[in-house]
Amino acid sequence: MELKHITEGVAYIPGAVNVGVIINGDKATLIDTGLDRDSGRNIRRLLEAEGIKITAIVNTHSHADHFGGNDYLVRNTGAEVYASSVEAGIIQNPLLEPIYLFHGAAPIRNLRNKFVLAKPSPVHHILETGMTTIEDRKLMIVPLPGHSFNQIGVLVDDVLFCADAVFSGRVIEKYRIPVVQDVGSHRETLKTLRETSHTLYVPSHTEPTGDITALVDVNLGVVESITSDILGLLDEPKTVSEIQSGLCTGYGLDLDVVQQYYLIHTTLMAYLGHLYEEKTIEIKLEDNTLRWSKAR
Ligand SMILES: [Zn+2]
């Protein structure tokens, strides 16, 4: 683990989740905390070795791999946590993540591992988008909804920590159906990002880049291709299971992790919901079976 400086007061710690570090004297505000206790402990050790104390945490969204280190860090540093509404609800009640993945029912044990169920963390401050001051530093909270309902990014010294608004081509190639919870707002977020020209962008799961255009185009492209592949399956009415199976098989996936199945299921529901709201597809409820098909 290492601290990579970007500007005088802005750095990040590269990892499975890149963690932003906004430094003010001997104090630091983190942007996300990684998956678990180990990530929290490693971040704390690294910064304390540099004489820096963690006093605040901004969480970009409520997926377990982004706030799983909160519990350890809040207990051991007393840092105060900032998050947007909705996301804050899940960070404080993380069982809501596997609950929504399991359609609102009590989640099965396959959905109770640390990748989808983090330890609860307090949230001390609800963030609104726009300018804000945290630990005497002026930050811009940028709305990036879509991947998660109320995901936010942090802009500081013209460096945009843009969370999971974009994934790298490599990650997309591996997972094929990247998690999106609201397809319409995800697409708008990508189009808005494309118009920006900040000095540096730091996505959570890939290397920082000075030009976000290529990443945005890859991510917009995957939304379009998934949309057209779903529509390609809907000449005949199909159940969600049939659509998911057709889509995954078409992409050469061979799912063997139950939680992966449910993440794709939720993402597929986001696509179906979006297409339904645009009146591109319709619902047929017949013989007690709900099927989706192209609108006539
Ligand atoms: Zn995420």
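Definitions and cut-offs
Residues numbered from 1 in each chain as written. Predicted model: local features only at pLDDT ≥ 70, side-chain atom pairs only at ≥ 80, totals over all residues. Heavy atoms only, no water. Helix = DSSP H or I, 4+ residues; strand = E, 2+ residues; numbered from the N terminus. Rg over C-alpha atoms; globule rule 2.2 N^0.38 Å. Buried < 20%, exposed > 50% of the residue type's maximum accessible area, 1.4 Å probe, protein only. Contact = heavy atoms within 4.5 Å. Lys, Arg positive; Asp, Glu negative; His and termini not counted. Charge placed at Lys NZ, Arg CZ, Asp CG, Glu CD. Donors = N, O, S within 2.8 Å, 3.2 Å for Na, K, Ca; no water. Tetrahedral: all angles 85-135°; square planar, octahedral: opposite > 155°, others 65-115°. Expected span 1.5 Å × (residues − 1). Pairing = 2+ DSSP bridges. Polar contact = N/O pair within 3.5 Å; in protein donor to acceptor, adjacent residues only side chain to side chain.

A. Focus on the overall build of the protein chain. When helices and strands are tallied, the protein chain shows ten helices and 14 strands. Its C-alpha atoms give the protein chain a radius of gyration of 20 Å, near enough to 19 Å, the size a compact globule of 296 residues would have. Sorting the 296 residues of the protein chain into buried and exposed places 52% on the buried side. In the protein chain, 63% of the contacts between residues at least 6 apart in sequence involve partners at least 24 apart. For the protein chain, the distance from the average position of its 26 positive side-chain charges to the average position of its 38 negative side-chain charges is 5 Å.

B. Region of interest: the coordination of the zinc ion. Those donors, His61 (NE2), His63 (ND1), His147 (NE2) and Asp164 (OD), are the protein atoms that reach the zinc ion, and they lie 2.1 to 2.3 Å from it. Coordination geometry of the zinc ion: the four donor atoms subtend angles of 86 to 174° at the metal centre, consistent with an arrangement described as irregular. All donors to the zinc ion come from one chain, and their sequence spacing reads H-x1-H-x83-H-x16-D. Separated by 103 residues along the polypeptide, His61 in the loop between β5 (53-58) and α2 (64-67) and Asp164 in the loop between β11 (159-163) and α6 (169-175) bring together distant segments of the chain. There is no split in this pair, since His61 and Asp164 are both buried.

C. Broad picture of helix α10 (residues 258-277). Here α10 contains 20 residues, and its C-alpha end-to-end distance of 29 Å stays within 8% of the 28 Å for a straight helix at 1.5 Å per residue. Within α10, 14 of the 20 residues are buried, which leaves it mostly tucked inside the rest of the structure. Just downstream of α10, Lys279 is the residue with a positive phi angle, here 65°.

D. Expanded view of the pairing of strand β14 (residues 289-294). Relative to β14, strand β13 (residues 281-286) runs antiparallel, the two being bridged by six bridges. Paired with Glu286 across the two strands is Thr289, which belongs to β14. Two successive antiparallel strands, β13 and β14, enclose a turn made up of two residues, where Asp287 displays a positive phi of approximately 55°.

E. Molecular detail of the side chain of His61. Look at His61 and you get buried, because its relative accessible area is 0%. Within polar-contact distance, the side chain of His61 engages the side chain of His147 at 3.4 Å. A distance of 3.3 Å separates the side chain of His61 from the side chain of Asp164, its partner in a polar contact. In contact with His61, other than residues within four places in its own chain, are Asp32, His66, Phe67, Glu87, Ile91, His147, Ser148, Gln151, Ala163 and Asp164.

The values reported here are purely geometric and, on their own, carry no functional implication.
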